[in-house]
Amino acid sequence: MIRLLAWSIMVLLFAALVLLAVDRNIYRTSGWTREQRFTSILGWSYAVAALLILAGLLIYL
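Predicted model, so just to flag it, every value in this text is computed and none were measured. (Residues numbered from 1 in each chain as written. Predicted model: local features only at pLDDT ≥ 70, side-chain atom pairs only at ≥ 80, totals over all residues. Heavy atoms only, no water.)

Undergrad: Account for the overall build of the chain, naming residues and giving values.
TA: Scanning the chain from N- to C-terminus turns up two helices and zero strands. Computed over its C-alpha atoms, the radius of gyration of the chain comes to 14 Å, more than 25% above the 10 Å expected for a compact globule of 61 residues. With respect to the principal axes defined by its C-alpha atoms, the chain has extents near 45 × 15 × 10 Å. Taken across its 61 residues, the chain has 20% of its residues classed as buried. Of the contacts made within the chain by residues no fewer than 6 positions apart, 60% connect residues no fewer than 24 positions apart. Summing over all exposed atoms, the chain offers an accessible surface of approximately 4700 Å²; the carbon and sulfur share of this is 73%. (Helix = DSSP H or I, 4+ residues; strand = E, 2+ residues; numbered from the N terminus. Rg over C-alpha atoms; globule rule 2.2 N^0.38 Å. Buried < 20%, exposed > 50% of the residue type's maximum accessible area, 1.4 Å probe, protein only. Contact = heavy atoms within 4.5 Å. Areas by Shrake-Rupley, 256 points an atom, 1.4 Å probe, with all protein chains shown as cover.)

Undergrad: So, a nonpolar patch on the surface: which residues are in play, and what are the values?
TA: On the surface, F14, V18, V22 and I26 cluster together to form a nonpolar patch covering roughly 350 Å² of accessible area. As for its position among the elements, I26 is in helix 1 (residues 2-30). (Patch = residues over 30% accessible without salt bridge, like charges linked within 9 Å, V, L, I, M, F, W, Y side chains within 5 Å. Salt bridge = Lys/Arg side-chain N within 4 Å of Asp/Glu carboxyl O.)

Undergrad: So what's going on with the UniProt feature "transmembrane region" (unreviewed entry) in the chain? Residues and values would help.
TA: In the numbering used here, UniProt assigns the "transmembrane region" (unreviewed entry) feature to residues 44-60. As annotated, residues 44-60 has a helix share of 100% and a strand share of 0%, and its two end C-alpha atoms lie 24 Å apart. (UniProt positions renumbered as here; feature names shortened; annotations may be inferred.)

Undergrad: Hey, could you go over the pattern of salt bridges for me, with residue numbers and the actual values?
TA: Inspection of the entire model under this criterion finds one salt bridge. Here R34 and E35 are joined by a salt bridge, their closest N and O atoms 3.8 Å apart. On the basis of relative accessibility, which here comes to 28%, the residue E35 falls in the partly exposed class.

Undergrad: Before we move on, can you summarise the packing of helix 1 against helix 2 (residues 33-60) with the specific residues and values?
TA: Running from amino to carboxyl end, helix 1 crosses helix 2 at an angle of 160°, the nearest separation of the two axes being 8 Å. When the axis of helix 1 is compared with that of helix 2, the two are roughly antiparallel. Like other packed secondary-structure pairs, helix 1 and helix 2 cross with a definite hand, here left-handed. For the contact of helix 1 with helix 2, a count of residues per class yields 20 nonpolar, four polar and four charged. (Axes fitted to C-alpha atoms, helices over the stretch in contact; angles between N-to-C directions. Parallel < 35°, antiparallel > 145°, perpendicular 65-115°, else oblique. Left-handed = near helix turned anticlockwise from the far one by under 90°. Nonpolar A, V, L, I, M, F, W, Y, C, P; charged D, E, K, R; others polar.)

This is the structure we're talking about:
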């Protein structure tokens, strides 16, 4: 169970990093403001979810 949560944290953080670093810049340079805003919201929500899971895992241990 702990291993599954650790992998979930890594996948969520990687997805958040890609969304915030790559996709957001692509949408910004293309002028797609709605997609850029949605990508930012989704990326930050992935990062927050990963941090919440990490905090719960650290409290559990």
